[in-house]
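Fold and geometry: a report
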2 protein chains.
Amino acid sequence: MRASALILAGGSGTRFWPASRRRRPKQLLTLDGERSLLARTVERLAPLVPAERVWISTTRDLAPAVAAELHGIDRERILVEPLVRNTAPAILGAVARLPAAVRREPIAVLPADHFIADPAAFLATLGAAFGVAARDGRVLALGVVPRWPETGFGYLELAEELPGPPGLRRVERFREKPDLATARKLVASGRHHWNAGMFVFTGERLLAAAREIDADLVAAVEAWAAAPERDDLYAGLPSISIDYAVMERLSGLATLALDCGWDDLGSWSALFSHLAADAAGNRVRGEGFAVEAGGNLLFADHGAIAVLGVEGLVVVQSGDVVLVVPRDRAQEVRRLVERVAAHGRDDLL
Amino acid sequence: MRASALILAGGSGTRFWPASRRRRPKQLLTLDGERSLLARTVERLAPLVPAERVWISTTRDLAPAVAAELHGIDRERILVEPLVRNTAPAILGAVARLPAAVRREPIAVLPADHFIADPAAFLATLGAAFGVAARDGRVLALGVVPRWPETGFGYLELAEELPGPPGLRRVERFREKPDLATARKLVASGRHHWNAGMFVFTGERLLAAAREIDADLVAAVEAWAAAPERDDLYAGLPSISIDYAVMERLSGLATLALDCGWDDLGSWSALFSHLAADAAGNRVRGEGFAVEAGGNLLFADHGAIAVLGVEGLVVVQSGDVVLVVPRDRAQEVRRLVERVAAHGRDDLL
């Protein structure tokens, strides 16, 4: 069985500022290994999906950096979104542009900027999902077995088991990001998994399913896919997520349980938890010196960071910007980005 | 009356690391104004001692940087110590090398790296000291009126008043750096001033007084001053302070009270107290952004520092090194410098 992957690498965000910038979003950063999250996403797939069957969806601005990061990738496999239009146009548009032979085979849609602690477990589940998509023509959403009552993710409510590999179930419905009390109930129920934005299907089946739900949308997407130089056609597409446009409305959506130490790396604090600690409990990327200081994340993409007498801080040196924030407030970095933007210092963003 | 100044600019230290480095010690840093502490020391004197009567004592390593900082200074007025031999050889050697006419006039010996809040008060006291040195041939140590029980300075114990300007007294003796209880008593006594390492005398009188105390030392200094290319002669001089070699043993040493907001800027924390605060109580040099953060010193000699949710920190970005330390532990920066040195990273020092 041959399978492909479509990696969504067009995202932008501020959670890893100042390491992430407008021209260098999170997926292009080297956060936890020797290469970028994007490159690691491709490398991780290799035993199951060789690099020459990996397709990338990204923006026009980021396409050169993506090509440089994945040196040697065939430029035809970088599918450029002319404008930002959320995941439904991005995924449907990319699938519509795939060669017909590829569209008949299973494909995994995967974000480019996530962390996976156990790649073998990830590949085992992905392989099983490819098998279900090929055999049954099903569309699958991978459901991450929750490890804590996270309020930052949506959840998949699981219905009955389906014939197939262990853990294959029908999805009853999508749950929006819950409050903490609800999240605790969902996790305790054992019937709710995190929606990680990872899907497996054959392209033909996805387009057929989407056409049943919204024929106009698919027609518009296919019109652009037939003339991708026509930015105006893409501009006319609605800015809508694949969940809302297709997945939540799709009867027979299936899910496989994914238990591979997945994390979306949503903040500097999340990165802290995935790096190895030194004797004082500091996590250091790049060069760091610490005296009577513990539990800090020291992240230097050049030079060195020296700390004394501080606990639980995130300290980042990237380019010409330094960030200092307590680990437990790292998710508020966006507020600093807004402050910098308000001062007209777009050169720092 | 003509007077001169001899500025001691050969010092090194680690208290302002990473802004200060081996090749760029504190006196060459721009900490509190638009120009370096050294340049500000020269500028501050100008109403009383024009730049062309300012002499600089510094090391061979630092001489080029000193000349660049004081652009236009006559290189003959930069007196180079071939080796580091403490303040007695530096001051006596420099005085012995002055032109005979300058040696007959009053001269002030001043550190290059101190802070003075009230330059007019400083100049008024200095002018009075020049008058005493010219009229009476006295050697004077300026005594800073203490503003708190500092344990990091030595003290001058004051004896009887002397005829002359108000506040002119004989020095009874030098007190070493005291412990806190002793410091409190000294300050409460009203008879002890801080020894700030600032002296006023005529060169001829200083050499004569030193000759009475240690004729061999002065002879050795004068032998080098007559052949300053002979590094071996300087190398043979003892490494000894001017206080110990001369001032403490000199009968009739006088002092004038100096009350000009003087501070030796002994740490990042001291600098904090001399910079203007923004609305949140942060003190910023260079570019800083703060959200829900107060009481921090943000010091960036390039780029920008962004902080959120932290209080009372010193954050420095200088060259490719970042320092984070609580303000109340800023005097421990030396420990980080030792750690960096222990890792063989002299390039960061």
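Residues numbered from 1 in each chain as written. Chains lettered and ligands numbered in written order. Predicted model: local features only at pLDDT ≥ 70, side-chain atom pairs only at ≥ 80, totals over all residues.

Overview of the interface of chain A and chain B
Counting from both sides, the interface comprises 28 residues of chain A and, opposite them, 28 residues of chain B. Elements that contribute at least two residues to the side of chain A that touches chain B include exactly strand 12 (283–291), strand 13 (297–308), strand 14 (313–318), strand 15 (321–326) and helix 12 (333–342) of chain A. With seven residues, strand 13 of chain A is the single largest residue contributor to the side of chain A that touches chain B. In this structure, strand 15 of chain A lies alongside strand 13 (residues 297–308) of chain B, joined through four bridges in parallel fashion. Bridge pairing in strand 13 of chain B links V321 of chain A to A304 of chain B. (Contact = placed C-beta atoms within 7 Å. Helix = DSSP H or I, 4+ residues; strand = E, 2+ residues; numbered from the N terminus. Pairing = 2+ DSSP bridges.)

Describing the packing of helix 3 (residues 87–97) of chain B against helix 7 (residues 203–213) of chain B
All names here are of chain B. Viewed as axis vectors pointing N to C, helix 3 and helix 7 meet at an angle of 130 degrees, and their least axial separation amounts to 10 Å. By the angle class used here, helix 3 and helix 7 are oblique. Where helix 3 crosses over helix 7, the two elements pack in a sense that is left-handed. Contact residues: L92, V95 and A96 in helix 3; G203, L206, L207 and A210 in helix 7. Within the contact of helix 3 with helix 7, the residues separate by chemical class into six nonpolar, one polar and no charged. (Axes fitted to C-alpha atoms, helices over the stretch in contact; angles between N-to-C directions. Parallel < 35°, antiparallel > 145°, perpendicular 65-115°, else oblique. Left-handed = near helix turned anticlockwise from the far one by under 90°. Nonpolar A, V, L, I, M, F, W, Y, C, P; charged D, E, K, R; others polar.)

So, the relation of the copies chain A and chain B
Superposing chain A onto chain B requires a rotation of 180 degrees together with a translation of 0.0 Å along the rotation axis, leaving an RMSD of 0.1 Å. Such a combination of rotation and displacement between the chain copies is what one expects of a two-fold axis. The position closest to the rotation axis in chain A is occupied by the C-alpha of V322 of chain A, lying 3.8 Å away. (Least-squares fit on C-alpha atoms with pLDDT ≥ 70 in both.)

Some points on the domain arrangement of chain A
Residue and element names in this part refer to chain A. Segmentation of chain A into domains returns domain 1 (4–263) and domain 2 (268–348). Between the C-alpha centres of domain 1 and domain 2 the distance comes to 30 Å. At the junction of the two partners, domain 1 supplies ten residues and domain 2 supplies 15 residues. The class makeup of the residues in the side of domain 1 that touches domain 2 is six nonpolar, one polar and three charged. (Domains from an automatic or database assignment.)

Section: the confidence of the model for chain A
In the predicted model, chain A carries a mean pLDDT of 95, and the fraction of residues at 70 or more is 100%. Interface predicted TM-score (ipTM) for the complex: 0.89; the corresponding pTM is 0.89. (pLDDT = per-residue confidence, 0-100.)

Notes on helix 5 (residues 119–136) of chain B
Residues and elements named next belong to chain B. Helix length check: helix 5, at 18 residues, gives a terminal C-alpha distance of 25 Å against a target of 26 Å (1.5 Å per residue), a fit within 8%. Taken as a whole, helix 5 has its buried residues at F122, T125, L126, A129, F130, V132 and A133. The buried residues of helix 5 occupy an angular sector of 165 degrees when projected down its axis, which confines them to one face. What points out from helix 5, more than 90 degrees from its buried face, is the exposed set A120 and R135. Buried-residue contacts for helix 5 involve helix 1 (37–45), strand 4 (106–111), strand 5 (115–116), strand 6 (140–144), strand 9 (192–202) and strand 10 (254–258). (Expected span 1.5 Å × (residues − 1). Buried ≥ 20, exposed ≤ 12 C-beta atoms within 10 Å, placed from the backbone. Arc of directions from axis to C-beta.)

Re the pairing of strand 2 (residues 54–59) of chain B
Residues and elements named next belong to chain B. Strand 2 sits mainly inside the fold: five of its six residues count as buried. A crossover links strand 1 (residues 4–8) with its parallel partner strand 2, the connecting element being helix 1, and its sense is right-handed. One ladder, built from four bridges, connects strand 2 with strand 3 (residues 78–81); its direction is parallel. From the neighbouring strand, S57 faces strand 3, where its bridge partner is L79. (Right-handed = clockwise from strand over helix to strand, strands pointing away.)

Examining helix 6 (residues 180–189) of chain A
All names here are of chain A. For helix 6, every residue scored as buried is listed here: A183, L186 and V187. Considered in projection along helix 6, the buried side chains sweep an arc of 95 degrees and stay on one side of the axis. Opposite the buried face of helix 6, by more than 90 degrees, sit the exposed residues A181, K185, A188 and S189. Here the buried face of helix 6 lies against strand 7 (155–161), strand 8 (169–175) and strand 9 (192–202). Positive backbone phi, approximately 75 degrees, marks G190, located one or two places after helix 6.

Quick word on the packing of helix 3 of chain B against helix 8 (residues 215–226) of chain B
Each pair of packed helices can be described by the angle between their axes along with the distance between the axes. All names here are of chain B. Two elements in contact, helix 3 and helix 8, have axes separated by 9 Å at closest approach and are oriented at 55 degrees. If you check the angle between helix 3 and helix 8, you find them oblique. Crossing of helix 3 over helix 8 shows right-handed handedness. Here helix 3 contributes P89, L92, G93, A96 and R97 to the contact with helix 8, which in turn contributes V218, V221, E222, W224 and A225.

Examining the environment of L158 of chain B
Residue and element names in this part refer to chain B. Note on placement: L158 falls in strand 7 (residues 155–161). Residue L158 is classed as buried on the basis of its C-beta count, with 20 C-beta atoms lying within 10 Å. The spacing of L158 and G127 is 31 residues in sequence and 20 Å in space, taken between C-alpha atoms. Contacts of L158, omitting those with residues within four sequence positions, involve R169, V171, E172, R191, H192, H193 and T255.

Observations regarding the nonpolar core
Among the nonpolar cores identified, the biggest contains 236 residues, and L140, V307 and V324 of chain A together with L140, V307 and V324 of chain B are the most heavily contacted of them. Apart from residues lying up to four places away in sequence, V324 of chain A is in contact with L313 and V315 of chain A together with V307, V310, L313, V315 and V324 of chain B. (Core = buried A, V, L, I, M, F, W, Y, C linked by C-beta atoms within 7 Å.)

Things to note about the pairing of strand 1 (residues 4–8) of chain A
Residue and element names in this part refer to chain A. Of all the five residues making up strand 1, five are buried; the element is thus mostly covered by neighbouring parts of the structure. Here strand 1 shows two buried faces, one formed by S4, L6 and L8 and the other by A5 and I7. The pairing of strand 1 with strand 4 (residues 106–111) spans five bridges and is classified as parallel. Considered in strand 4, the bridge of L6 is made with V109.

Quick word on unusual backbone geometry
Residues and elements named next belong to chain A. Cis peptide bonds are those with omega within 30 degrees of zero, and the linkage from W17 to P18 qualifies with 5 degrees. One non-glycine residue with positive phi stands out, namely N86, at about 65 degrees. Residue placement: N86 occurs in the loop between strand 3 (78–81) and helix 3 (87–97).

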